Every structure is written in structure tokens, then in C-alpha cells.
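Examining the three-dimensional arrangement
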Amino acid sequence: MEDLDKAWNSLNSKAKKIADLIYEVGKKAPVRIITHIDADGLCAGGLISRALRRLKVPFHLSPVKFLSKDLISEIMSEKYGLFVYLDLGAGYLKEIQEVLGSEDKKKVLILDHHPPVKVIRKEPPLYVLNPFDDGINGSYEISGAGVAYLVYRHLVGGDDESVIMAITGALGDQQAGDNGFSGINSKYIELAKKLGFLEVKRDLRLFGGPDYPLVPALQRTYDLVLLGLFQEAKDAVNLLERLKIPLKIENRPTRLSDLTIDQKRELFNEIVKQIVSKGESGLSALTNLFGEVYLAVSEPVGSPARELNGLSTLLNACGRMGRPDLGIALAMGFRGSVLESALQTLSDYRKTLARALAQIMEDSGKITRKEEGVLFLLGGETIKDTMIGTITSIIAKSKFSREYLMVIGLTKSDAAIKISARLTDNGIRAGINLDHLMRKGCGRVGGIGGGHKHAAGGYIPEGEEENFIRAVLKCLNEAETLE
Ligand SMILES: [Mn+2]
């Protein structure tokens, strides 16, 4: 605890200096913000945007899918005095420093929770706020939104209900372990509870929380969406009717909190049955079905944004469907029509995902390419680059890929081809190392790749798809791809 307090104090004194700098520069000229497009990045972007809006500091924000050397050069050539990178940048400190060179009119802030690369100097004009520098593990003890909140609280001069977004970002990055949160994340939970903005309880983990209508809750719960369950409202209605749960109570749709303990148990068992029918792919959904729910008390009862796991599902869908603007607005605290559009975006996301999966399952060779040991998914223009990773994961865990070692998705991403690779259970048993395989496979055709043992990816130049496929198959026969 003592160590945690020490880290908290140290991070806060750095955050205060950074907040002062943002205000000082922002009083005179607009601030440039770059953030990641995932749920955590959108929370981080929303937090800083909210603070700047309140301080009447003009800013220009762009959510991006990833950072690259080219993108950094492009951004840094813009005519701004202060650049703020959120939820990304820690891996590019060198490149940013290089581009910055001896420039004395531009300042850069990197507010990130990813492991930082070593740099020669981390001082003006490059300012870094990174939990790893203070002994906090950014992989699970604080999110990008959590780092942004450190600066937020100094910009606005205290804590407020926005602390909820720091927790939502951590949920988006799946930082909660079996025993809940740790590190700075648990500090935010305590703070939010103490200030009366948060309630944590154990319950069925359905979208929207206990006070949200059951039918859309079943349809919008992320793990169930990924399994293709409750795609139509009638699927959820049928389930409730079978369990003799009335669809309406007192003229309003039935909520989870209306159910008796027995009804809840029956509902839980029925959902479990449906998940189990999906085979191994349902494993994580099964473990996620019951546990901590995080309720934003200041959100109206019945609001879809009241439960924070669900809020991060909404943000994730906005990012992946090309509507990060909605995600930022939600994270800033806007509701009403913004929330309506975000819900519509989530339902579009669900449909897009279902359509892509159906296309793959029914495909006769246009999208799928079955080689010995590898199932390739050729997304071309049909599968979005923001969805190929999710789709590759789902297929790798499904019966559809049972006879393969791995699934590798390829899809167009701007002027390049994005690669997403996942091992199947067979591949894991065979001891294949996808990090090595992608590093080599992408590298041999002029691209760049890598990642983890069981999940990796990369980018290759457009037109190199066939060469890449051949390179992967060849590498597979080389010994180093084994662990
Ligand atoms: Mn993050």
C-alpha cells in the first residue's frame, strides 16, 4: 500500500506539471491530440476533451488505429505548438524524439500505459507520463484512460464523476483479473465509491446492468454478440417466455432486477446451455457471465450507459465501426442523441459481424483458403480492418477451424494489408509460436509483424498476399517457429 501511495503521489506531481503546461500553451493556441481508437483510447480522449472544453481551450483530436513512423512525421509537421498522445506513443518515443529533433517551438506529451522504450533523454520538449516509470505495471494496474484521468483531475482542479471513465477504459482493456482490479485501478474504484459515483456488486453480467430491459440486454452483451447468440429480439423473447418470465412488469419492459433469485438462476442456466452449445468458443463467455458489475450511480436508472462493461462495449463498437466521434462524445459525458446513435452503431456492429461470419462459414473458396494446417481468411474489401482481429479470433475458437493449426486473416487497411493470426487448440498443442511466424512471414515480403505466442499480426504491402501465404507455409516447416 505504501508503494502504491508513493507511486500515486509521484504520478500526480508529474501530472500536475503536465496539466499546467497544457493550460499555459492552450490559452494561446489550439492543442493537438492523438488517441487510440479502442474503448480505452476513446475514454482517454473523452477525458482530456472534456477538461479542455470546460477550460475553453481549443483542441483538434484525431483517433487513430495505430501509430507508425510515417504517421508521426505527418502529425508532427502540423502547425501546432503542443501535441498530446494518449493511450499510445510509449513504443515510439525514439521516433518522436527523432522527428522533434532540435525543434524548439513544439512540445510533445506522451500519456500512455504501454511499456516505454528506452530513450536517451525524457525531458523537454518531450514529456512522458508513464506508470512503468513509477513501478506501476501499465498492463493491468492502470489504463490509458487512467493515465489521462491523472492529468484531467489537475486540469479541472479535483475529482468528479469522470473518474468513471478511467474505470471504463480499464474494463475495455480487460485489466480486471479474477480478483477484480489492482494498483491504481483499485484506487480509482475506491475513489469513485467514496465520492458516491460508483457501486460494485456481483450479479449476472448483462449489458446495461440490473436496471436495463432484459431483451436488449441479452442482445447487446458483448460475449453473447461474439457467439452470435440472441441476434434477433425474438430469440431473447422466446427464452424469457420459455422461463415464464413476463416481458412486461407494470407496463414497462422487465429488468434483471425484477427477477426472483430462482428466476435469475434459471435464466443463468439457460444462457449457459446456449453458450455451451457453441463448443470451446464459449469458454470465455461462460467465465464472464457472472461476476462484478460496475454501476455509474449518476447515470439515470435504465440508461444503457449505467453499467460500465456495457459502456465499454458501446465505445468499442463505435471505434470499430468508424464512428470514434460518437465514442469521444460519449466519454465526454454527452447523452441523448449521441447515446441513441451509439446504440444503433452497436447493433450495426452486431449485424456486420454476423454477416461476415456467415459469409466465411458458407464460403466456397472466395474468402477462405484452406492450406495444409492453415486456414486463411481473405478479407479483401469485404471485412473491415477493425474487425478482422475479432473475426479471426472467433473462427480460431470455433468448430469450423478444428482441423487446422491456425487461422490467418488478411484484409485491406488503407494502402496496406493487415494480418491477424490466431492459433487453434491444435496449434497451441503443437507448440507453434505465432510471434516468430508473423515476424518472419511478414518480414520476408517487406512487411512487419509480431505479437504473442498464440495471437499475433502485422502489415504487408498490398499485392504481396500470395507471397505472404507461401512464406508462411514455408516458415511453418522451419524449426524456429516452434517454441
Ligand atoms: Mn489502452
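As a starting point, this report considers the structure included with it. (Residues numbered from 1 in each chain as written. Predicted model: local features only at pLDDT ≥ 70, side-chain atom pairs only at ≥ 80, totals over all residues. Heavy atoms only, no water.)

**Some remarks on the overall build of the protein chain**
Counting its secondary structure elements, the protein chain contains 19 helices and 15 strands. Taken along its principal axes, the extent of the C-alpha atoms in the protein chain is 65 × 65 × 40 Å. Counting over 483 residues, the protein chain shows a buried share of 54%. Put simply, 67% of the contacts in the protein chain that link residues at least 6 apart link residues at least 24 apart. Put simply, the protein chain shows about 21,300 Å² of open surface, and 51% of that area lies on carbon and sulfur atoms. Between the mean site of the 63 positive side-chain charges and the mean site of the 62 negative ones, the protein chain shows a separation of 2 Å. (Helix = DSSP H or I, 4+ residues; strand = E, 2+ residues; numbered from the N terminus. Buried < 20%, exposed > 50% of the residue type's maximum accessible area, 1.4 Å probe, protein only. Contact = heavy atoms within 4.5 Å. Areas by Shrake-Rupley, 256 points an atom, 1.4 Å probe, with all protein chains shown as cover. Lys, Arg positive; Asp, Glu negative; His and termini not counted. Charge placed at Lys NZ, Arg CZ, Asp CG, Glu CD.)

**Re the packing of helix α2 (residues 39-54) against helix α13 (residues 308-320)**
Between α2 and α13, whose axes approach to 8 Å, the crossing angle comes to 95 degrees. Classified by the interaxial angle, the pair formed by α2 and α13 is roughly perpendicular. Where α2 abuts α13, its residues A39, L42 and C43 lie against S312, L315, N316 and G319. (Axes fitted to C-alpha atoms, helices over the stretch in contact; angles between N-to-C directions. Parallel < 35°, antiparallel > 145°, perpendicular 65-115°, else oblique.)

**Focus on the sheet that holds strand β14 (residues 448-451)**
The strand order β10-β11-β12-β13-β15-β14 describes an open sheet built from 6 strands, whose pairing is mixed. At either margin of the open sheet sits one strand with a lone partner, and together these are β10 (368-371) and β14. Neighbour to neighbour, the strand axes of the sheet diverge by 15 degrees on average, direction disregarded. Inspection of the sheet shows strand β13 (residues 416-423) paired to strand β15 (residues 455-461) by 7 bridges, in the antiparallel sense. Each residue of the ladder has a partner; that of S420, found in β15, is G457. (Pairing = 2+ DSSP bridges.)

**Quick notes on the coordination of the manganese ion**
Ligation of the manganese ion by protein atoms is provided by D40 (OD), D87 (OD), H113 (NE2) and D173 (OD), these donors lying 2.1 to 2.4 Å from the ion. Written as a sequence motif, the donor arrangement for the manganese ion is D-x46-D-x25-H-x59-D. Residue D40 is found in helix α2, and its partner D173 is found in the loop between α6 (163-172) and α7 (183-194); the two are separated by 133 residues along the sequence. A relative accessible area of 23% means that D173 is categorised as partly exposed. (Donors = N, O, S within 2.8 Å, 3.2 Å for Na, K, Ca; no water.)

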